[in-house]
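Inside the fold
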Amino acid sequence: RKEVEQDPGPFNVPEGATVAFNCTYSNSASQSFFWYRQDCRKEPKLLMSVYSSGNEDGRFTAQLNRASQYISLLIRDSKLSDSATYLCVVGYFGNEKLTFGTGTRLTIIP
Amino acid sequence: GAGVSQTPSNKVTEKGKYVELRCDPISGHTALYWYRQSLGQGPEFLIYFQGTGAADDSGLPNDRFFAVRPEGSVSTLKIQRTERGDSAMYLCASSLSGSGSQQDTQYFGPGTRLTVL
C-alpha cells in the first residue's frame, strides 16, 4: 500500500463548478500536510499547508481528518487557470523528507 | 529574489555513461533535497542535506547514485553507469532550516529532465 494515495483522475470540470479531492495517508505518525500544485512539465509549487483546524485561502479550502487519516482540498468557482495536477504531500516530525501522492489531474473546461 | 536553479534543464546520455546534475538553492537555505519524478508519479525522495552533510540518503536507489554539497550551498547529484530506468525528472528543493515543520516550506527548482538512451 502506498503511503499517500490519491485518485489520479482525470477530473474534467466545467468552469465555475466546485471540485473536491481527497487523499489518504497510511502513517499515523504523520505531522505535516500540504497540497502542492504542479503544472505540466513544471516543478511542484506549494498551494497551501493543511492544519487540523482546517484552513481557507480564497477559493481553496483544505481539511485534515486525523482520525480517518485523510486530507481534502475543495476548489470553489473553478477557473481555467486551476487546470493542473494537485499533489497531496505528507511529512513526519523529525523527518524532513516529504512523501508525495501520485497527484490528481484537474482540467477546467470552458 | 532568485529561486532554486538547476542545470542542465535537459540531459540526454547513453546507457553506461556518467552524469552530473547541479542544484543551486535559495541563498541562505541550509536544507537541500533531491527528488526524482517519473511520468505519472509524484516526486520520490532521494537525499537530504543539512549544511554540508547528508542527513538522510535513504532514498538513493543504489550505489550508482551519489550526491555532494561540499560548501553547504550548491549540490551535485552524480549517477554512474546510467541505465534506461534512470530516465526521469530530477528535482531539487531547498528550505530555510530543514526542521521538518509545517512552516519550513520546501521550494522546488525547475528540474533536470534526464533521458538515458
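Here is a short report on the structure shown in this document. (Residues numbered from 1 in each chain as written. Chains lettered and ligands numbered in written order. Predicted model: local features only at pLDDT ≥ 70, side-chain atom pairs only at ≥ 80, totals over all residues. Heavy atoms only, no water.)

Listed as interface residues are 24 residues of chain B and, on the opposing side, 22 residues of chain A. The contact between chain B and chain A buries some 1,800 Å² in all, and 50% of this surface belongs to carbon and sulfur atoms. When residues of chain B are sorted by the area they lose upon contact with chain A, P43, Q102 and F108 of chain B head the list and together hold 32% of the total. The interface formed by chain B and chain A holds zero salt bridges in total. Across the chain B-chain A interface, the total number found is three residue pairs in polar contact (both at pLDDT 80 or more). Among the elements of the structure, β4 (31–37) and β5 (44–50) of chain B are those that each provide at least two residues to the side of chain B that touches chain A. Looking at which element gives the most residues to the side of chain B that touches chain A, the answer is β4 of chain B, with three residues. (Contact = heavy atoms within 4.5 Å. Buried area = accessible area lost by both parts, 1.4 Å probe. Salt bridge = Lys/Arg side-chain N within 4 Å of Asp/Glu carboxyl O. Polar contact = N/O pair within 3.5 Å; in protein donor to acceptor, adjacent residues only side chain to side chain. Helix = DSSP H or I, 4+ residues; strand = E, 2+ residues; numbered from the N terminus.)

Before going further, it helps to examine the nonpolar core. Residue and element names in this part refer to chain A. One finds F21, W35, I71, L73, I75, Y86 and L106 to be the most contacted residues of the largest nonpolar core, which totals 23 residues. Those elements that place two or more of their residues in this core are β3 (19–25), β4 (30–38), β5 (44–50), β7 (60–65), β8 (70–75), β9 (84–92) and β11 (104–109). Aside from chain neighbours lying at most four places away, what touches F21 is F11, W35, I71, S72, L73, I75, Y86, T104 and L106. (Core = buried A, V, L, I, M, F, W, Y, C linked by side-chain atoms within 4.5 Å. Buried < 20%, exposed > 50% of the residue type's maximum accessible area, 1.4 Å probe, protein only.)

Considering the arrangement of structural elements, one finds S49 of chain A in strand β5. Here S49 of chain A falls in the buried class, since its relative accessible area comes to 12%. In this structure, S49 of chain A is in contact with F33, F34 and N55 of chain A together with Q102 of chain B, ignoring residues within four places of it in sequence.

All names here are of chain B. Spatially, four strands are ordered β1-β3-β8-β7 in an open sheet, and the strand pairing comes out antiparallel. The open sheet has two edge strands, β1 (5–7) and β7 (65–68), and neither has a second partner. For this sheet, the mean inter-axis angle between neighbouring strands, taken without regard to orientation, is 15 degrees. Pairing of β7 with strand β8 (residues 75–79) involves four bridges; the strand directions are antiparallel. Across the sheet, residue F66 finds its bridge partner in β8, namely K78. (Pairing = 2+ DSSP bridges. Axes fitted to C-alpha atoms, helices over the stretch in contact; angles between N-to-C directions.)

Before going further, it helps to spend a moment on the sheet that holds β3 of chain A. All names here are of chain A. Read from one edge of the open sheet, five strands run β1-β3-β8-β7-β6, paired in antiparallel fashion. Since the sheet does not close on itself, it has two edges, and those belong to β1 (4–6) and β6 (55–57), each with one partner. Adjacent strand axes in the sheet meet at a mean angle of 20 degrees when their direction is disregarded. Pairing of β7 with β8 involves six bridges; the strand directions are antiparallel. Across the sheet, A62 pairs through a bridge with L73, a residue of β8.

Attention now moves to the state of the cysteines. All names here are of chain B. Evaluation of the coordinates by the stated rule reveals two disulfides over all chains. Bridging C23 to C92, the disulfide has an S-S length of 1.8 Å. Taking the sign of the S-S torsion, about -65 degrees here, the bridge from C23 to C92 comes out left-handed. With a gap of 69 residues between them, C23 in strand β3 (residues 19–24) and C92 in strand β9 (residues 88–95) connect regions that are remote in the sequence. (Disulfide = S-S within 2.5 Å.)

The subject of this paragraph is the side chain of Q6 of chain A. Residues and elements named next belong to chain A. Within the fold, Q6 resides in strand β1. Within the structure, the side chain of Q6 is placed 3.2 Å from the side chain of T104, a separation counted as a polar contact. Dropping the residues within four chain positions of it, Q6 is found in contact with N22, C23, W35, Y86, L87, C88, G101, T102, G103 and T104.

In most cases, non-glycine residues show a negative phi, while peptide bonds are predominantly trans. Residue and element names in this part refer to chain A. Note the cis peptide between G9 and P10, where omega equals 10 degrees. Position of P10 relative to the elements: it lies in the loop between β1 and β2 (11–14). A positive phi angle, close to 60 degrees, is found at R41, a residue other than glycine. When its relative accessible area of 60% is taken as the criterion, R41 is described as exposed.

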